Amino acid sequence: MRQPELGKRLTELRQQKSLTQEELVEACNVSVRTIQRIESGEVTPRTSTIKILLAALDADFDSFKRALEPNKSTDNLRSIETWLQVAWISGIAYFVLGFIDGILEYDRFENSYVVESTIFYTTAKVLYFISYSLFLLGFAKLGSYFSNYLIKITSYTLIGLFTIWTFLDIFTIFYEMSDTNLMSVGAGEAICYGALSIVFGIGLMRLQDGMGQLAKIAGIFEIIAGFFFVVVILFLLGFLMLVPATIIEIILLYKGYEFIKSERLKV
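Residue positions are given per chain, counting from 1 as you read along its sequence in written order. Only residues with pLDDT of at least 70 are given local features in this predicted model, and only at 80 or more are side-chain atom pairs given and counted; all residues enter the totals for whole chains, interfaces and linings. As a convention, hydrogens and water are excluded, and side-chain values are obtained from all of the structure's heavy atoms.

Undergrad: Kindly report on the packing of aromatic side chains, identifying the contributing residues and their values.
TA: Any two rings among Phe, Tyr and Trp, with Trp reduced to its six-membered ring, count as a pair given centres within 6.5 Å; such a pair is stacked if its planes are under 30 degrees apart, edge-to-face if over 60, and tilted if neither. In the structure shown here, the tally under the stated rule is 21 aromatic pairs. Ring centres of W165 and Y193 lie 6.3 Å apart, and the angle between their planes is 70°; this geometry places the pair in the edge-to-face category. Residue W165 is found in helix α8 (residues 149-174), and its partner Y193 is found in helix α9 (residues 179-205); the two are separated by 28 residues along the sequence. Each residue is assigned to one of three classes by its accessible area relative to the maximum for its type, calculated with a 1.4 Å probe on protein chains only: buried under 20%, partly exposed between the two thresholds, exposed over 50%. A residue is classified by how much of its surface remains accessible, and W165, at 10% relative accessible area, is buried. For Y193, a relative accessible area of 11% gives the class buried. Between F229 and F239 the ring centres are 5.0 Å apart and the planes differ by 85°, which places this aromatic pair in the edge-to-face class. The secondary structure listing takes helices from DSSP runs of H or I that are at least 4 residues long and strands from runs of E that are at least 2 residues long, numbered from the N terminus.

Undergrad: Could you give me a rundown of helix α1 (residues 5-16), with the residues and numbers involved?
TA: The α-helix winds at 3.6 residues per turn, so residues separated by three or four positions along the chain end up facing the same way. Taking 1.5 Å as the rise per residue, α1 with twelve residues should run 16 Å; its terminal C-alpha atoms sit 16 Å apart, in good agreement. Three or more residues of α1 are buried, namely L6, G7, L10, T11, L13 and R14. One side of α1 carries all its buried residues, which in axial view fall inside an arc of 165°. Residues of α1 that are exposed and point over 90 degrees away from its buried face: K8, Q15 and Q16. Given the number of residues in a helix, its expected span is that number minus one, multiplied by 1.5 Å. The arc in question is the one spanned by the directions pointing from the helix axis to the C-beta atoms.

Undergrad: How would you explain helix α3 (residues 32-39) if you had to name every residue and give the values?
TA: Turning to α3, its buried residues are I35, I38 and E39. Projected down its long axis, α3 carries its buried residues within an arc of 90°, all on one side. On its buried face, α3 is in contact with α1, α2 (21-28) and α4 (47-56). At the exit of α3 stands G41, carrying a positive phi of roughly 85°. Residue contacts are counted whenever heavy atoms from the two residues lie within 4.5 Å of one another.

Undergrad: Run through the pattern of salt bridges, naming residues and quoting values.
TA: Whenever a carboxyl oxygen of Asp or Glu lies within 4 Å of a side-chain nitrogen of Lys or Arg, that contact is scored as a salt bridge. Following the criterion strictly, the structure yields six salt bridges and no others. A salt bridge links D101 to K125; its shortest N-O distance comes to 2.7 Å. Here the residue D101 occupies a position in helix α6 (residues 74-109), and K125 occupies one in helix α7 (residues 118-145), the gap between them amounting to 24 residues. For D101, a relative accessible area of 12% puts it in the buried group. The closest approach of N and O atoms between K125 and D169, which form a salt bridge, is 2.9 Å. Taken together, the positions of K125 in helix α7 and D169 in helix α8 put the pair 44 residues apart, joining distant regions of the chain. A relative accessible area of 5% places K125 in the buried class. Assessed through its relative accessible area of 14%, D169 is described here as buried. Several salt bridges share partner residues, and in doing so they unite R33, R37 and E42 into one network.

Undergrad: Explain a nonpolar patch on the surface to me, using residue names and the numbers behind them.
TA: Among the surface-exposed residues, I92, V96, I100 and F120 lie close enough to one another that they form a single nonpolar patch of about 340 Å² accessible area. Sorting elements by how many residues they give to the nonpolar patch places α6 first, with three residues. If you trace the backbone, F120 turns up in helix α7. Distance thresholds for patches are 9 Å for like charges and 5 Å for nonpolar side chains (Val, Leu, Ile, Met, Phe, Trp, Tyr), applied to residues having over 30% relative accessible area and no salt bridge. Throughout, the Shrake-Rupley method with a 1.4 Å probe supplies accessible areas, and for residues the shown protein chains are the sole cover considered.

Undergrad: Account for the packing of helix α11 (residues 213-231) against helix α12 (residues 235-266), with residues named and values stated.
TA: In contact at an axis separation of 8 Å, α11 and α12 are set at 160° when each is read in the N-to-C sense. For the element pair α11 / α12, the angle class is roughly antiparallel. Crossing geometry of α11 relative to α12 is assigned as left-handed. Side by side, α11 and α12 meet where L214, A215, I217, A218, F221, E222, I224, A225, F228 and F229 of the first sit next to F235, L237, G238, F239, M241, L242, P244, A245, I248, E249, I251 and L252 of the second. Axis lines are fitted through C-alpha atoms, for helices just across the contact stretch, and the angle between N-to-C directions can take any value from 0 to 180 degrees. Any angle that is under 35 degrees is reported as roughly parallel, and any over 145 degrees as roughly antiparallel; angles of 65 to 115 degrees are reported as roughly perpendicular and all others as oblique. Crossing handedness: left-handed means the near helix sits turned counterclockwise from the far one by under a right angle, and right-handed means the same turn made clockwise.

Undergrad: So what's going on with the nonpolar core? Residues and values would help.
TA: Residue types Ala, Val, Leu, Ile, Met, Phe, Trp, Tyr and Cys, when buried and joined through side-chain atoms within 4.5 Å, form a set referred to as a nonpolar core. Counting residues in hydrophobic clusters, the biggest one holds 40 residues, and the most contacted among them are F139, Y193, L204 and L253. Looking at this core, the elements that each hand over two or more residues are α6, α7, α8, α9, α11 and α12. Discounting chain neighbours no more than four positions away, the residues touching Y193 are Y94, Y132, L158, W165, F229 and L242. Counting residues in each nonpolar core, the second largest holds 14 residues, with L13, L24, V30 and I35 among its members.

Undergrad: Before we move on, could you go through the environment of L137 and cite the residues and values that matter?
TA: On the secondary structure map, L137 appears in helix α7. Overall, L137 belongs to the buried group, its relative accessible area being 16%. Considering only alpha carbons, one finds L137 and R206, 69 residues apart in sequence, at a separation of 17 Å. When sequence neighbours within four positions are dropped, the list of residues in contact with L137 reads W83, Y156 and I159.

Printed below as a string of structure tokens:
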């Protein structure tokens, strides 16, 4: 719960009870200076202190908390729940399509790619892009719920860059580029993706308070994978690290879906 909204709401509750700060002190044994600082937004009190104040004001803690967090209203929770369900299912599709994409790219750079396969290649790329985007949108929604703007912004940035990369991959099938240029583009993609993966991993680790140790483990794998991609020549190790990272992230999204569902049912 954040200031100054917290202090304003506590002040409103106290005034509704027609209590002065001194009278509230007598009811809860919290110092008047502490109450003054909380109500003015100077400090953010511990949860235990908030509960003591609310008990003295005859207010329910859960209702008070929900009132301060509009993003946890029933309608919004239902929306996030739906997005997370779509996200973890899309994550499975993304995981499977990733292997197909890898085979297609290997086939292409080995010069065994044939023109007749362009429709299949394009279709696979588009499906890969859609599943990846929906997968990341799940983390954007989690970031929004837990006020983790780092992972939210990084998720949207990755989707934007992946849109460009998908277009380039399809474009270069119909308009051939030299092997040197293709390698340069690939190296640029690896560096950009690696750098963002490191930031994304840090964002995942910051989800630990809300989502537990699983978020921290996923974040560590993402950071390691990102490092390998940035180095470029170790990009294959990066792909290897993405396998356990993606599996854990799918589980994390499912866990998030179950958590949001339980939160919605409490409202």
